[in-house]
Amino acid sequence: MTSNASANSLARWIQENRFAVVAVAATAAVASAAGAYYLSGTRSVAKDSSSTKTASSSSSKKKRSKKSKKAKSSASTTSDGPLLDDASDESLANLSEAEIKRLPQERREAVAQYLKGLGNKAYTDKKYEDAIAKYTKAIAAAPSAVFFSNRAACYSNLGRPEKVIEDCNEALKLEHAYVKALNRRAVATEQLGEKAEEPGEEGDKARAYLTQSLSDFTAVAILGQFRDSNATSSVERVLKKLASGKAKQIMATREPRLPSPTFVTAYFEAFRPSSPPKIHDDASQGDKTLQKAFEAQAARNYTHSFTLVSEAIEQGLSTKELEATALNLRGTYYFVIGLAQRALDDLDRSTELCDDYVQSWVKKASVHMELGDKDAAFKDFEKAIAIQPEDPDIYYHRGQVNFILGDFDAAIADYEKSTSLDDKFIFSQVQHAVANYKLGNIARSTAAFRRILKTFENAPESYNYYGELLLDQQRHEDAVANFDKSIALERAKPNSTNVLPMINKALVLFQWKQDLTGAEQLCRDALKIDPECDVAVATLAQLSLQQSKIPEAIEYFRRSAEIARTEPELINAITYEYASRAQLQFIRDYPEQGAALSQMASSLM
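Because the structure is a prediction, the values reported are computed rather than measured. (Residues numbered from 1 in each chain as written. Predicted model: local features only at pLDDT ≥ 70, side-chain atom pairs only at ≥ 80, totals over all residues. Heavy atoms only, no water.)

### Structural notes on the UniProt feature "repeat: TPR" (unreviewed entry) in the protein chain
Residues annotated in UniProt with the feature "repeat: TPR" (unreviewed entry) correspond here to residues 112–145, 358–391, 392–425 and 460–493. Helix makes up 82% of residues 112–145 and strand makes up 0%, while its end C-alpha atoms are separated by 12 Å. For residues 358–391, the helix share is 79%, the strand share is 0%, and the end-to-end C-alpha distance is 8 Å. (UniProt positions renumbered as here; feature names shortened; annotations may be inferred. Helix = DSSP H or I, 4+ residues; strand = E, 2+ residues; numbered from the N terminus.)

See the structure below:
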């Protein structure tokens, strides 16, 4: 379990720099020099040499060449109709696409603009099919990113996103950074990604569309230097759809796994230590397996302990007390894994077997909070108090719930009650000091920490928590000194996997001295001790982004998703992974603007 200040500092840093993450591509002449084009009513245009022949035969041989050239540019008429120079854009616009393509380039471009105007008028009048026909002819006359994009807008209004994508693709081939085409393609691909939460091929296809949509909206936002609020909000919206859809698929298919040993240890240590149940030599197989589960827990081999306690329950326990204890332990593992409902099922069964099992009632309160049912949580605490009003753990954990809810006065009262019943427990005293700090009682909080350091001078937690408070006050040098002391004490403890002081020190080095190398090394060293430490992985991801090491950041975010405990944690990791991927795609697609983006990200951080 991460410490609150570490997790909050990182989350705050990420949120403030969100867009650093989001900041997170010749027409040939058709007519010959001697050719002329004619228009005759609705008939096809064809080259006619009769005018040239007439002009030539009526002239003298001496002036043949001069008169011939004059005839080519003449505005005279023939029986078939006026010459091309006299034909209006309106007349030429009535030609077929094939005929328009045979016009000289200069006339094609003029006709194309005329057709664009007709298309715009039809679009304004919501005559989208007519507008499509006009833009299609304009494209035949002189392909343009604008014409393709305008036709895409028509298809969008007709609810044909696949055609929108086709036209935007063509527009972007002609004008790589055409924002309107990028935006329209983004909207269309988002529409096709609505089934991102579906399993199988359909869901995969939808998520692929959303990935394209995210890349396009990200490009629109960055090219507009984040001035387009619609683009930035669209990035957020698509990220949410994409991350939620993928997270649901992962949660539905992945095997349960325990989180970081740092996290599990922190939860177990949030309760006063108690002796495991005594198992006799002639006990049943289930009882002996349960004993091994507690031995593995004491050795911090939590994965093995989880497996053993599950086996013990399957094998059967000899007494209801032992069964209730086993269910309590397995329910705890389910809770830290993030399987709240399974945890509640086990803890409910535990209290059914032993109605006076206080710790199971307290843990049920934690699970109910995870499930969002605070009323049930407080009822669990009331039940526990009715059973054993002198149990200090009840008040400590109720204090934690009040702290989470922002009721710091109530939290302080609970911490004080817990400490009055047992003043040897460091965490109720630390949280009491932190709650006072949250209320703005800085002097009282500081004095409390000084007493804690004196009382628990060999406890690494004392220095780590005080260092977090100092870090929040930007007293960097003092914070480092306390983190160093905590690191040294942790290293002296046998089997310690608590790496939070190392991560906290890394944050100080980054914020205080911009010592990215030192911060990175601390996080890497922390992962050697606890490879599953989510805060270390997340911090490395952000440090990589700060140095524009986006591929590395993506890999750390992917790793963060792998070790995420709950669906919200998984969604958060996936969100930043895809935001980073979109940024990397932008840099690859727009190298010049990508360099400016890196500078912008550095200035934001």
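### Remarks on unusual backbone geometry
Although it is not a glycine, Gln 225 adopts a positive phi angle of roughly 55°. In this model, Gln 514 sits at a positive phi of 55°, which is unusual for a non-glycine residue. Secondary-structure assignment places Gln 514 in the loop between helix 27 (500–513) and helix 28 (516–529). Residue Gln 514 is classed as exposed on the basis of its relative accessible area of 51%. (Buried < 20%, exposed > 50% of the residue type's maximum accessible area, 1.4 Å probe, protein only.)

### Side note on the side chain of His 476
Among the secondary structure elements, His 476 is positioned in helix 26 (residues 476–492). Since its relative accessible area comes to 13%, His 476 is described here as buried. Excluding its chain neighbours within four sequence positions, the residues that come into contact with His 476 are Leu 471, Val 508 and Trp 512. (Contact = heavy atoms within 4.5 Å.)

### Comments concerning the environment of Gly 338
Residue position: Gly 338 is located in the loop between helix 17 (320–337) and helix 18 (340–353). Residues Gly 338 and Glu 567, spaced 229 residues apart in sequence, show a C-alpha to C-alpha distance of 8.0 Å. Not counting chain neighbours up to four residues away, the residues in contact with Gly 338 comprise Arg 565 and Thr 566.

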